[in-house]
Amino acid sequence: MAPLLAFCAAPAVALSLGDCARTTHISHGGEDAHVDLGEGRVMWRDWWSQEGTASDFTIVDCEPGDALRFRTAEERMNDRLPFDRTARALAIVADHEAGARVFATLDRIAADLKNIARDITRITLVAEPCACAAAYPDMRGDKHAFSFG
C-alpha cells in the first residue's frame, strides 16, 4: 500500500506551452501556437479545418481572465469572401506587445485590429486556459483549474 500512497502524493508534472497544442475536435479543430507574451499575458491560435478553414487567435490576461478573440483567416466557413490577414494582425499584436503594457490594453489592440481581423470579441474566462496554466500557474485566481478533460 505504501507505493500507492507515494504515487498519489507525488506532485503534478508542470505543463509547458508545447503541451497545450492539441486537437480539440476530432481531426478538424484544435489549438496551437501558444505564446507567452510576458507580464501575465498569453496568446494562442484556434484552428478549424472541415469543409472550410478558419484561424482565430485569443489573447488572455491570465490573472483576471480578460480575453480578446479575433479571426485572422477563413475560407468556406460562411457566405463571406475568403481572407487571410494573419500576418497583418499578428504584426499589430507584436507592435502593442513591444511597448509598455500599460498602453497595450486589450481594448487598444481590438481597436487597431478593427479593419484587419473579423469577429473581434472581448470575454472574461471562468476557466483557466492551458497557456495560463503553463506560463502563469500562480495567476489562476478563482477560475476553474485547467484540465485536459
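In case you missed it, the structure is sitting above this.
These notes cover the structure that comes with them. Owing to the predicted nature of the structure, the values given are computational and were not obtained by experimental measurement.

Rules behind the numbers
- Residues numbered from 1 in each chain as written.
- Predicted model: local features only at pLDDT ≥ 70, side-chain atom pairs only at ≥ 80, totals over all residues.
- Heavy atoms only, no water.
- Axes fitted to C-alpha atoms, helices over the stretch in contact; angles between N-to-C directions.
- Helix = DSSP H or I, 4+ residues; strand = E, 2+ residues; numbered from the N terminus.
- Left-handed = near helix turned anticlockwise from the far one by under 90°.
- Contact = heavy atoms within 4.5 Å.
- Core = buried A, V, L, I, M, F, W, Y, C linked by side-chain atoms within 4.5 Å.
- Buried < 20%, exposed > 50% of the residue type's maximum accessible area, 1.4 Å probe, protein only.
- Salt bridge = Lys/Arg side-chain N within 4 Å of Asp/Glu carboxyl O.

## Concerning the packing of helix H2 (residues 86–98) against helix H3 (residues 106–113)
Orientation of H2 relative to H3, taken along the N-to-C sense of each, is 145 degrees, at an axis distance of 10 Å. The two elements H2 and H3 meet at a crossing, and its hand is right-handed. In contact with Ala-89, Ile-92, Val-93, His-96 and Glu-97 of H2, H3 contributes Arg-108, Ile-109, Asp-112 and Leu-113.

## Considerations on the nonpolar core
Across soluble globular proteins, you tend to see nonpolar side chains buried next to one another. Formed by 14 residues in total, the largest nonpolar core has its most connected members in Ile-59, Leu-68, Phe-70, Val-93, Ile-109 and Leu-113. Those elements that provide at least two residues to this core are strand E4 (52–61), strand E5 (66–75), H2 and H3. Examining the composition of this core, we find that four residues originate from one element, H3, more than from any other. The contacts of Ile-109, once residues within four sequence positions are left out, are Arg-41, Ile-59, Leu-68, Val-93, His-96, Glu-97 and Ala-104. Membership of the second largest hydrophobic core comes to nine residues, among which are Trp-44, Val-60, Leu-125 and Cys-132.

## So, the pattern of salt bridges
Applying the stated rule across the entire model yields 13 salt bridges. When the shortest N-O distance is used, the salt bridge between Glu-97 and Arg-41 registers 2.7 Å. Residue Glu-97 is located in helix H2, and its partner Arg-41 is located in strand E3 (residues 41–50); the two are separated by 56 residues in the primary sequence. Measuring nitrogen to oxygen at the nearest pair gives 2.9 Å for the salt bridge that ties Arg-71 to Glu-74. For the pair Arg-71 and Glu-74, a shared accessibility class is recorded, and that class is buried. Each of Asp-56, Arg-71, Glu-74, Arg-80, Arg-118 and Asp-119 takes part in one network of salt bridges that share partners.

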